[in-house]
Amino acid sequence: MQKRTFLKSLGLLTATLPLASWAGNRSDFDPKIILPKGINKGETVGLVSPSAATADRMQFIYAKEALEALGFQVKLGENLTNRYGHLAGTDAQRAGDLNAMFSDPEVKAIVSIRGGSGAARILPLLDYQAISKNPKPLLGYSDITALHCAIQAQTGLLTFHGPMGSGSWNSYNVSQFERMFFEQELIEYINEQPESDDLVIKTNRIQTLKGGKAQGKILGGNLTVLTALSGTPYYPDFKDAILFLEDIGEDPYKVDRMMSTLKLNGTLDSIKGFIFGQCTDCTPGGGYGSLTFDQVMDDYILPLNIPAYTGAMFGHIAKQFIIPVGAQVAMDADAGTFKLLERVFQP
């Protein structure tokens, strides 16, 4: 997976791009909770690539066929197959595809084909007024966290942290998708426990850091991407929120540095609950005296004295929860579960 090294480019874009003035002028728009419209089988879904380019042409076929198998017509972004360095086209092209999909009345939902790196570069180019006027589901995770955060901060529209178009569409993910989008169920997120003849369950285990229950708006996503947005107009308000995080390929010292950012910018002191999903391949990379992931979590989360647990089924894993970013949830850190409290689609 490509790492997200875009801090400098984000700063430059915010300072120089012509549409950046919209992002900086928050007084022009009062973000409130906006629910997306529901979607049905037979309707059209837009497939876009806001981040990294896709090198394997079969991935475009897989993504289109998966969405068709879910029951949709598929409209491909005009620049979906483009490439500009490691990116899926220029910033203007990638932002243009996303803006076009939100404005297109034929398109009822938008799915990102993959993550990688680069979504933060297009944030000043997005038409947040058009997004707020055309509320529709946006699905993706990892680098797509930049879009979830920016859309939440600038419009209040609920978006969906979940599988990519070219990702795994196993039976679990398909079931999650159908329960969320077709049945519009108030899902309770409980880790699946696969059958095992081991005396001790070792797969999908929850670790409670601090017991208790909490309610609030669930916000977050990929830890690396989230912290890179700190101090920008695209960083959500985490007051009384439930913070959920995941990441991949980060040594614990890097996780420590990013958790430090969340502490220093006030995020950790603002939240009411904490859930970490999976930090895939986040074991110490060698050297003397490396902190472990568990130690980092203890150092930053235990002093908060709020309900907190790790090990939830979201992140860079095959089977993952679909989480409505910005929805009201209730979490139970002792049980290692959380559930939706309110509908996440317009009536």
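For every chain, the first residue of the written sequence is number 1, and numbering continues from 1 onward in sequence order. Local features in a predicted model are, by the rule used here, given only for residues with pLDDT of at least 70; side-chain atom pairs are given and counted only at 80 or more, and totals for whole chains, interfaces and linings are based on all residues. As a rule here, side-chain values cover all heavy atoms of the structure and leave hydrogens and water aside.

### Focus: the state of the cysteines
Inclusion rule: Sulfur atoms of two cysteines make up a disulfide when they are within 2.5 Å. Note on classification: 1.4 Å probe, protein chains only; a residue is buried when its accessible area is under 20% of the maximum for its type, exposed when over 50%, partly exposed between these limits.
Applying the stated rule across the entire model yields 1 disulfide. At a sulfur-sulfur separation of 2.2 Å, the disulfide partner of Cys-279 is Cys-282. Between Cys-279 and Cys-282, the disulfide has an S-S torsion of -70 degrees and is therefore left-handed. With relative accessibility at 17%, the residue Cys-279 sits in the buried group. The exposure class assigned to Cys-282 is buried, which follows from its relative accessible area of 5%.

### Brief notes about unusual backbone geometry
Basically, it comes down to this: Going along the chain from the N terminus, every DSSP run of H or I of four or more residues is numbered as a helix, and every run of E of two or more is numbered as a strand.
Its identity as a non-glycine residue notwithstanding, Gln-184 has a phi of 50 degrees, on the positive side. Position of Gln-184 relative to the elements: it lies in the loop between helix 7 (171-182) and strand 6 (188-189). On the accessibility criterion, Gln-184 (30% relative accessible area) is partly exposed. With phi around 60 degrees, Asp-240 is a residue other than glycine that occupies positive phi space. Looking at the secondary structure, you find Asp-240 in the loop between helix 8 (223-228) and strand 9 (242-248).

### Side note on the pairing of strand 2 (residues 73-76)
Note the following rule: Only when DSSP finds a minimum of two bridges between them are two strands counted as paired. By convention, orient the strands away from the viewer: a clockwise path from the first strand over the helix to the second makes the crossover right-handed.
The pairing of strand 1 (residues 44-48) with strand 2 spans 4 bridges and is classified as parallel. Within the sheet, the bridge partner assigned to Gly-46 lies in strand 2 and is Lys-75. After leaving strand 1, the chain enters helix 3 (residues 57-69) and then returns to the sheet as strand 2, a path that is right-handed.

### Some points on helix 11 (residues 293-301)
Operational definition: Note that the arc is defined by the directions from the helix axis to the C-beta atoms. The contact criterion used is simple: two residues touch if any of their non-hydrogen atoms lie within 4.5 Å.
Along helix 11, the residues that are buried comprise Phe-293, Val-296, Met-297, Tyr-300 and Ile-301. Projected down its long axis, helix 11 shows its buried positions confined to an angular sector of 100 degrees, all on one face. Where helix 11 is buried, its residues touch strand 7 (207-210), helix 9 (252-264), helix 10 (267-270), strand 10 (273-280) and strand 11 (308-310).

### What to know about the sheet that holds strand 10
Condition: Fitted lines through C-alpha atoms serve as axes, helices being fitted only where they are in contact, and the angles separating the N-to-C directions of these axes extend from 0 to 180 degrees.
Overall, mixed pairing links the 8 strands, which are arranged 6-14-13-8-9-10-11-7 in an open sheet. At either end of the open sheet lies a strand with only one pairing partner, and these are strand 6 and strand 7. Across 2 bridges, strand 6 lies against strand 14 (residues 337-340) in antiparallel orientation. Each residue of the ladder has a partner; that of Glu-188, found in strand 14, is Lys-339. Packing of helix 9 onto the sheet brings it into contact with strand 9 and strand 10, and relative to strand 9 it is tilted by some 155 degrees. Along the sheet face, helix 11 touches strand 7, strand 10 and strand 11 and points at about 165 degrees away from the line of strand 10.

### Examining the side chain of Asn-170
The line we're drawing: The definition of a polar contact used here is a pair of N or O atoms within 3.5 Å, where within protein one atom must be able to donate a hydrogen and the other to accept one, and adjacent residues in sequence count solely through side-chain atom pairs.
Summarising the element assignment, Asn-170 is placed in the loop between strand 5 (159-161) and helix 7. There is a polar contact of 2.8 Å between the side chain of Asn-170 and the side chain of Ser-168. Looking at Asn-170, its side chain comes within polar contact range of the main-chain nitrogen of Tyr-172, at 3.1 Å. Those residues in contact with Asn-170, other than ones at most four positions away along the chain, are Ala-318 and Lys-319.

### Some words on the packing of aromatic side chains
So the rule is basically this: Stacked, tilted and edge-to-face are the three classes applied to pairs of Phe, Tyr and Trp rings, where Trp contributes its six-membered ring and a pair requires centres within 6.5 Å; stacked means planes under 30 degrees apart, edge-to-face means over 60, and tilted covers the rest.
Tallying each qualifying case throughout the model produces 16 aromatic pairs. With a centroid separation of 5.8 Å and 80 degrees between ring planes, the pair formed by Phe-177 and Phe-182 is classed as edge-to-face. For Phe-177, a relative accessible area of 3% gives the class buried. When the centroid spacing of 5.0 Å and the interplanar angle of 75 degrees are considered together, the rings of Phe-276 and Phe-293 count as edge-to-face. Separated by 17 residues along the polypeptide, Phe-276 in strand 10 and Phe-293 in helix 11 bring together distant segments of the chain. Each member of the pair, Phe-276 together with Phe-293, is buried.

### Some remarks on the confidence of the model for the chain
Put simply, the test is: Residue-level confidence of the predictor, termed pLDDT, takes values from 0 up to 100.
Model confidence for the chain is summarised by a mean pLDDT of 91, while 90% of its residues fall at 70 or above. Confidence over residues 1-30 falls short of pLDDT 50; this stretch has 62 contacts with residues more than four positions distant or in other chains.

### Digging into the environment of Ala-241
By the secondary structure assignment, Ala-241 is in the loop between helix 8 and strand 9. For the pair Ala-241 and Ile-271, spaced 30 residues apart in sequence, the C-alpha to C-alpha distance is 4.8 Å. With sequence-adjacent residues up to four places away left out, Ala-241 is seen in contact with Lys-217, Leu-219, Ser-270, Ile-271, Lys-272 and Gly-273.

### Focus: the pairing of strand 9
For strand 9, the buried fraction is high: 7 of the 7 residues fall into the buried class. Burial of strand 9 is two-sided: the residues Ile-242, Phe-244, Glu-246 and Ile-248 facing one way and the residues Leu-243, Leu-245 and Asp-247 facing the other way are all buried. Two strands pair when backbone bridges link them, and strand 8 (residues 213-222) and strand 9 are joined in this way by 5 bridges, in the parallel orientation. The residue of strand 9 that forms the bridge with Gly-221 is Leu-245.

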